[in-house]
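Structural description and commentary
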Amino acid sequence: MKGSALGSPSLNELEQNQKCVLAFYSRKTGVLNPGFSQLLKSQNARSKMAENGLLHNGKVLTVDTMNPNVKRVEYAVRGPIVQRAVQIEKELKEGVKKPFTEVIKANIGDCHAMGQKPITFFRQVLALCSYPELLEENKFPEDVKNRARRILQACAGGSIGAYSTSQGIELVRHDVAQYIERRDGGIPCNPDNIYLTAGASDAIMTMLKLLVSGEGPSRTGVMISIPQYPLYSATLAELAAVQINYYLDEEKCWSLDVSELRRTLEAARKHCKPRVLCIINPGNPTGQVQSRQCIEDVIQFAAEENLFLMADEVYQDNVYADGCQFHSFKKVLFEMGPEYSDKLELASFHSTSKCYMGECGFRSGYMEVVNLDPEVKVQLTKLVSVRLCPSVPGQALLDLVVNPPQPGEPSYSNFIKERSHTLEVLAEKAKFTQEILNQVPGITCNPVQGAMYTFPLIQLPPKAIAEAKEKGQAPDMFYCMKLLEEKGICLVPGSGFGQRDGTYHFRMTILPPTEKLKIVLAKLQTYYVNEILCGRCNSSKYHLKDSSLTSTSEETTLLPDVLPLEEIESLQGR
């Protein structure tokens, strides 16, 4: 269906359905429904006024005349809950009394906002690039000065305030290519296939813009995982592409099964022209790390079905679980031999916003394209040129990420120390968060193998679901909003990422400092057990106090790893 996810009606269809329902009841009673008549008059008048640009006090741009695709765009990571969190922060500053003193935002992977420290070497070089006069002082190590000079020499006019070429500074693209070759064990990388971008999101949106075409049954379909990162669904809505959902297997640690890809593809071909397969590895919001065998299976499937493969690999340094390892799609593709490496079209993405860097605000990343048609590549270069160039300070940062201090250089030991510490702390918090969540009755959390998030399954009793529906909200949205209002914890409901019908989740980042993360988990525990399981079920079986589960006799007990199914069902039935 054009402009919507499979099975989702368009806005026009919803309006037509509303008319038909009103008309049906009129025929049934034999009397013209006044509401139906009024609706038609109102819509006809609004349509005429919209055509003439007369709605809303004569404004040309209104919600009736604007691009309808934009109205379909949703981005849960910065949606209503986050907007309300900002309002609450303002209220706290104004002295409004709340049952908490601060809002803890665990909704987004904004590393530095959550207290992660920047890498010293990166900031030193960027400081010198921004204010070259500092090069004359003796406050910085020589390798920092040499790196700053090297970058500035590659910039027009010796300044990071100048434009670069649209594809990015040539020096930086060469360094990115060399980084990819080292990462992939020597597999060649052509700098001409590297595009520097304003973060991975910009690159993903650009590539999707190139790929989407056709009308009706020939409209481009794009396969995305469910759960997914909302960038994908939002971009597809804006482009009026067809979103094709394939489901990750939650019972197998959010693994990807090719049989599910095949099932989804065959169903989608009845409605659209599937052309693109998107993979996020390590996963967001689900935190899984795909095995090498899984990646091989995906590549074989994409080649057999003639699909363009997009590999979102921005969390490639964030791998924590024992036995897990990041494998780039490009490396596996070329190791599978010419049968695949000469044929499959691939775009892969990386960013400075995640991993140990966490430099979200610089908006920097890159895209590598493989086997792209030369004529299409010309069009891609033209398309990125419309935006002139990505941020040059961001390009300078990217160069430092892909070409960090080397052994023997003055900054090397401190760089390794800071990098290792950041990743070790994230690994500890990933394990800690998973363990605590799995101790809460009714919450099940898969191992956080990588990335920066947990995406636990939560059991919501019928009364909690009914209360949410009465207020016109998705149950997990209702739960997360209540958690924000009553505990000051900002999470993102699973419905914003997609989930199987009848299941409920939330996404929580592991980024807050350890002490704040403990506060988040303690408040989440007490609220979920006392207000959701007990409050909405009228149960007194459990009472959570001071982050310890106690019986009603106040005898302290340990939370079971998994609450027996019959006890969950008993709680839900009350």
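Residues numbered from 1 in each chain as written. Predicted model: local features only at pLDDT ≥ 70, side-chain atom pairs only at ≥ 80, totals over all residues. Heavy atoms only, no water.

Some points on the overall build of the protein
Here is the rule we go by: In DSSP terms, a helix is any run of H or I states spanning at least four residues, a strand is any run of E spanning at least two, and both are numbered starting from the N terminus. Throughout, the Shrake-Rupley method with a 1.4 Å probe supplies accessible areas, and for residues the shown protein chains are the sole cover considered.
Scanning the protein from terminus to terminus reveals 21 helices and 16 strands. Here the protein displays about 26400 Å² of accessible surface, and carbon together with sulfur accounts for 51% of that area.

As for the pattern of salt bridges
Selection criterion: Should a side-chain nitrogen of Lys or Arg be within 4 Å of a carboxyl oxygen of Asp or Glu, the pair is scored as a salt bridge. We call a residue buried when its accessible area falls under 20% of the maximum for its residue type, exposed when it is over 50%, and partly exposed in between, using a 1.4 Å probe and counting protein chains only.
Going through the model one piece at a time under the given rule, you end up with 25 salt bridges. Of the charged contacts, one joins arginine 387 and aspartate 202 as a salt bridge, the two residues approaching to 1.8 Å between their closest N and O atoms. One end of the pair, arginine 387, is in the loop between α15 (374-385) and α16 (392-402); the other, aspartate 202, is in helix α9 (residues 199-211), with 185 residues separating them in the sequence. Among the residues examined, arginine 387 registers a relative accessible area of 41% and is labelled partly exposed. Residue aspartate 202 is classed as buried on the basis of its relative accessible area, which comes to 17%. Each of Arg84, Glu91, Lys98 and Glu485 takes part in a single network of salt bridges with overlapping partners.

A short note on the nonpolar core
To be explicit about the condition: By nonpolar core is meant a set of buried Ala, Val, Leu, Ile, Met, Phe, Trp, Tyr and Cys residues that side-chain atoms within 4.5 Å join together. Residue contacts are counted whenever heavy atoms from the two residues lie within 4.5 Å of one another.
One finds Met207, Met310, Phe349, Met367, Val369 and Leu380 to be the most contacted residues of the largest nonpolar core, which totals 41 residues. Here this core gets six residues from one element, more than from any other, and that element is α9. Once residues within four sequence positions are removed from consideration, valine 369 is found in contact with Asn193, Tyr195, Met207, Leu346, Ala347 and Leu380. The next biggest cluster of nonpolar side chains, apart from the first, holds 39 residues, and it includes Cys129, Val144, Leu152 and Leu397.

Quick look at the side chain of serine 351
As a reminder, the rule being used: Whenever two N or O atoms come within 3.5 Å, that pair is a polar contact, provided that in protein one can donate a hydrogen and the other can accept it, and provided that, for residues adjacent in sequence, both atoms are side-chain atoms.
As for its position among the elements, serine 351 is in strand β7 (residues 346-351). On the accessibility criterion, serine 351 (5% relative accessible area) is buried. A distance of 2.9 Å separates the side chain of serine 351 from the backbone nitrogen of serine 353, its partner in a polar contact. Setting aside residues no more than four positions away along its own chain, serine 351 makes contact with Ala200, Val314, Met357, Ser364 and Gly365.

Regarding unusual backbone geometry
In this structure, the amide linkage connecting asparagine 281 to the following residue, proline 282, adopts the cis form with an omega of -10°. The residue proline 282 is located in the loop between β5 (273-280) and α12 (292-304) in this model. Despite not being glycine, alanine 240 has its phi angle at roughly 55°, a positive value. Among the secondary structure elements, alanine 240 is positioned in the loop between α10 (230-239) and β4 (242-247). With phi around 65°, alanine 451 is a residue other than glycine that occupies positive phi space.

Details of the packing of α9 against α15
Applicable threshold: Angles run from 0 to 180 degrees between N-to-C directions of axes, and those axes are lines fitted to C-alpha atoms, restricted for helices to the stretch in contact. For classification purposes, an angle smaller than 35 degrees is called roughly parallel, one larger than 145 roughly antiparallel, one from 65 to 115 roughly perpendicular, and anything else oblique. Take the far helix as the reference: if the near one is turned anticlockwise from it by less than a right angle, the crossing is left-handed, and if turned clockwise, right-handed. For this scheme, ten residues count as nonpolar: Ala, Val, Leu, Ile, Met, Phe, Trp, Tyr, Cys and Pro. Four count as charged, namely Asp, Glu, Lys and Arg, and the remainder, Gly too, count as polar.
Put simply, α9 and α15 touch, their axes get as near as 11 Å, and they point 130° apart. When the axes of α9 and α15 are compared, the pair comes out oblique. In this structure, the crossing between α9 and α15 has a hand that is right-handed. Of the residues in α15, those touching α9 at Thr206, Met207, Lys209 and Leu210 are Val376, Leu380, Leu383 and Val384. When the residues that make up the contact of α9 with α15 are grouped by side-chain class, the tally is six nonpolar, one polar and one charged.

Quick notes on empty space enclosed by the protein
The condition is simple: Two kinds of site are reported from a 1 Å grid over the protein atoms alone, namely cavities, where a 1.4 Å probe fits but cannot get out, and pockets, open sets with protein on both sides within 12 Å along at least five of seven lines, and residues are called lining when an atom falls within 4 Å of a point. Grid points are joined across faces, edges and corners, and a volume is the space filled by probe spheres set on the points.
One pass over the full model with this rule turns up two cavities of 30 Å³ or more. Considered as a void within the structure, the largest cavity measures approximately 60 Å³ in volume. Taken together, the residues that form the lining of the largest cavity break down as seven nonpolar, six polar and no charged. When its volume is computed, the second largest cavity comes out at roughly 30 Å³. Along its surface, the second largest cavity is lined by Ile224, Ser225, Gln228, Tyr232, Cys278, Ile279 and Ile280. Contributing elements (two or more residues each) for the lining of the second largest cavity: β3 (220-226) and β5. Among the elements that take part in the lining of the second largest cavity, β5 stands out by supplying three residues, more than any other. Classifying every residue of the lining of the second largest cavity gives five nonpolar, two polar and no charged.

A word on the pairing of strand β2 (residues 194-197)
Basically, it comes down to this: Two strands pair if DSSP finds at least two bridges between them.
By the alternation rule, side chains of β2 split into Ile194 and Leu196 and Tyr195 and Thr197, which are all buried. As defined by bridge partners, β2 adjoins strand β8 (residues 365-370) across four bridges and the pair is classed as antiparallel. Bridge assignment links tyrosine 195 to a residue of β8, and that residue is methionine 367.

Describing the packing of aromatic side chains
Going by this rule: The rule is short: rings of Phe, Tyr and Trp, with Trp giving its six-membered ring, pair when the centres are within 6.5 Å, and they are stacked under 30 degrees, edge-to-face over 60, tilted in between.
By the definition in use, this model includes ten aromatic pairs. Taken together, a centroid distance of 6.1 Å and an interplanar angle of 85° make the contact between tyrosine 479 and tyrosine 528 edge-to-face. With a gap of 49 residues between them, tyrosine 479 in helix α19 (residues 475-487) and tyrosine 528 in helix α20 (residues 514-535) connect regions that are remote in the sequence. Overall, the relative accessible area of 0% leaves tyrosine 528 in the buried class.

Here we look at the environment of glutamate 304
Within the element layout of this structure, glutamate 304 appears in helix α12. According to the relative accessible area criterion, glutamate 304 is partly exposed, its value standing at 48%. The spacing of glutamate 304 and tyrosine 340 is 36 residues in sequence and 9.6 Å in space, taken between C-alpha atoms.

Quick word on the sheet that holds strand β14 (residues 506-509)
Within a beta sheet, neighbouring strands are joined by backbone hydrogen bonds and run either parallel or antiparallel to one another. Pairing is antiparallel across the open sheet formed by three strands, whose spatial order is β10-β14-β13. Pairing within the sheet leaves two strands with one partner each, and these edge strands are β10 (453-454) and β13 (492-493). The sheet contact formed by β10 and β14 spans two bridges and is antiparallel. Within β14, the position partnered with threonine 454 by the bridge is methionine 508.

Describing the packing of helix α6 (residues 120-130) against α16
Packing of α6 against α16 brings their axes to within 10 Å, and their N-to-C directions diverge by 140°. Between α6 and α16, the angle is such that the two are oblique. Considering only the axes of α6 and α16, their crossing is right-handed. Here Phe121, Phe122, Val125 and Leu126 of α6 lie close against α16, whose contacting residues are Pro393, Ala396, Leu397, Leu400 and Val401. Across the contact of α6 with α16, the residue classes tally to nine nonpolar, no polar and no charged.

With respect to α19
The test is simple: Expected span of a helix: the number of residues minus one, times 1.5 Å.
Helix length check: α19 (13 residues) gives 18 Å between terminal C-alpha atoms against 18 Å at 1.5 Å per residue, within 8%. For α19, the complete set of buried residues consists of Pro475, Asp476, Met477, Phe478, Tyr479, Cys480, Met481, Leu483 and Leu484. Just downstream of α19, glycine 488 is the residue with a positive phi angle, here 75°.

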